[in-house]
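# Structural features, examined
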Amino acid sequence: MEGSCKGRRREPEGSLDCSSLEFEYNDSDHLSAELSELYSYTEEPDLILNRRCFEERFRLQGGEVRWITLDPAQHRTHVMRLLDELEVVVREKRLSAARAILYLAQGVFGECETESDVLRWSRYNCFLLYQTGTFAVFLELLNMEIANSQACSKALRKPALSLADSTELRVFLSVMYLLVENIRQQLPEDDTEWKTQRETFRSELAFPCNGEEPFAHLIFTMVTKFCSGHSPHFPMKKVLLLLWKVLLFTLGGFSELQSAKEQKRAEVGLPPLSEDCIQVVKNMKATAPPSYGIELGEPQKRGRRSRKDSLDLYNEKDPFKSEESTGAEEEETEDSENMMDTESDIQERDLMSQPLSALRSNMERVYFPKGLPWAPKVRQKDIEDFLEMSRNKFIGFTLGQCVLV
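Residues numbered from 1 in each chain as written. Predicted model: local features only at pLDDT ≥ 70, side-chain atom pairs only at ≥ 80, totals over all residues. Heavy atoms only, no water.

### So, the packing of aromatic side chains
- With the rule as written, the count across this model stands at 12 aromatic pairs.
- With centroids separated by 5.0 Å and ring planes inclined at 75°, the aromatic side chains of Tyr-103 and Phe-109 adopt a geometry described as edge-to-face.
- With a centroid separation of 5.4 Å and an interplanar angle of 90°, the aromatic rings of Trp-121 and Tyr-124 are classed as edge-to-face. Of the two residues, Trp-121 and Tyr-124 both sit in helix 5 (residues 115-131), 3 residues apart, roughly one turn of that helix.
- For Trp-121, a relative accessible area of 13% puts it in the buried group.
- Residue class for Tyr-124 comes out partly exposed when judged on its relative accessible area of 22%. (Phe/Tyr/Trp six-rings, centres within 6.5 Å; stacked < 30°, edge-to-face > 60°. Helix = DSSP H or I, 4+ residues; strand = E, 2+ residues; numbered from the N terminus. Buried < 20%, exposed > 50% of the residue type's maximum accessible area, 1.4 Å probe, protein only.)

Encoded structure:
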């Protein structure tokens, strides 16, 4: 689930209304936000390095050739050359070729002028990379890196890890994440070939051939290895993001879940669902809790009480604190407490000076829901039985024939 905070609407000062927060409750955010979620500020130098690795190989074609000016056949030829370099023995050359492919998946941003151009070329290149078998090649490289016991033992011996310990994994996972996210997204202008490739890719991720485990199982294995402490160098942010997108791609989102529930209920003869819980949540108003007790119509001397209680609690916990130091601290805080008293008294006097009708209208603005906004799935009788059993077990008290309201 992904929520996007689009903006906070601030109420005027002195208003007792809770500030509202615009929040979109959905499977994921828009494409540009999901792609930017993959990177961190510490990886900014990697973007320049990826571009350099690509341009060094691309210049070999001669002249000032640009990727966006070539035709699809030339694009495919260059991608196949990069895939051939991934099979060399030298580790540095493999990593350099992988960075060049990552630059393609990132949308050849060095040749684009606007963000929309980068997103368009990123999507085009990702479909091209999938057509040429790039995902399968990177899956093999990822398996090799996961099984690299030398890297694991080296990471375990280090007192502190850095980005250099997970360079290859970050590159491989980034390419695979960009492929999954770009191909997963459905746009109205997609042609028939891209739609067919999307369904094929979904089937390959969910039901791999040759008796292999699903791709999501491999990512779950990386999570367990990291949590057990055997592979502390795994970049877990990228691992979890890729796992989330693979599950969302193969299993579907909220709408697919609702359809599956309705289908299963119809198969076993159950009545249809009365409501969609996700739609109810989407229509709820997202609000922030009130900042001060005065907004709830409860004038309190919060400053003095909280300050004094915290000091009393500290003095009780510290047996070595002398009476002299305690007296000194009390004298020190006396002025500040008096100032807080004055401010709270002013707030209380202002509140009490308001007419009763105004206070009642302010209180009516604060809404406290009695329960969840959707229909409960538990009967009232089940709730009463559970409460009665809990009273007998922990308190030994029975209400008898009293009716719960």
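### Some points on the packing of helix 4 (residues 91-105) against helix 6 (residues 134-146)
- In the contact formed by helix 4 and helix 6, the axes pass within 13 Å of each other and the chain directions differ by 135°. Of the possible angle classes, the one that applies to helix 4 and helix 6 is oblique. In this structure, helix 4 meets helix 6 at a crossing whose hand is left-handed. Here helix 4 contributes Arg-91, Arg-94, Ala-98 and Ile-101 to the contact with helix 6, which in turn contributes Thr-134, Phe-138, Leu-141 and Glu-145.
- Its residues placed into classes, the contact of helix 4 with helix 6 shows 4 nonpolar, 1 polar and 3 charged. (Axes fitted to C-alpha atoms, helices over the stretch in contact; angles between N-to-C directions. Parallel < 35°, antiparallel > 145°, perpendicular 65-115°, else oblique. Left-handed = near helix turned anticlockwise from the far one by under 90°. Contact = heavy atoms within 4.5 Å. Nonpolar A, V, L, I, M, F, W, Y, C, P; charged D, E, K, R; others polar.)

### With respect to a negative patch on the surface
- Among the surface-exposed residues, Asp-84, Glu-87, Glu-140 and Glu-212 lie close enough to one another that they form a single negatively charged patch.
- Within the secondary structure, Asp-84 sits in helix 3 (residues 72-85). (Patch = residues over 30% accessible without salt bridge, like charges linked within 9 Å, V, L, I, M, F, W, Y side chains within 5 Å. Areas by Shrake-Rupley, 256 points an atom, 1.4 Å probe, with all protein chains shown as cover. Salt bridge = Lys/Arg side-chain N within 4 Å of Asp/Glu carboxyl O. Lys, Arg positive; Asp, Glu negative; His and termini not counted. Charge placed at Lys NZ, Arg CZ, Asp CG, Glu CD.)

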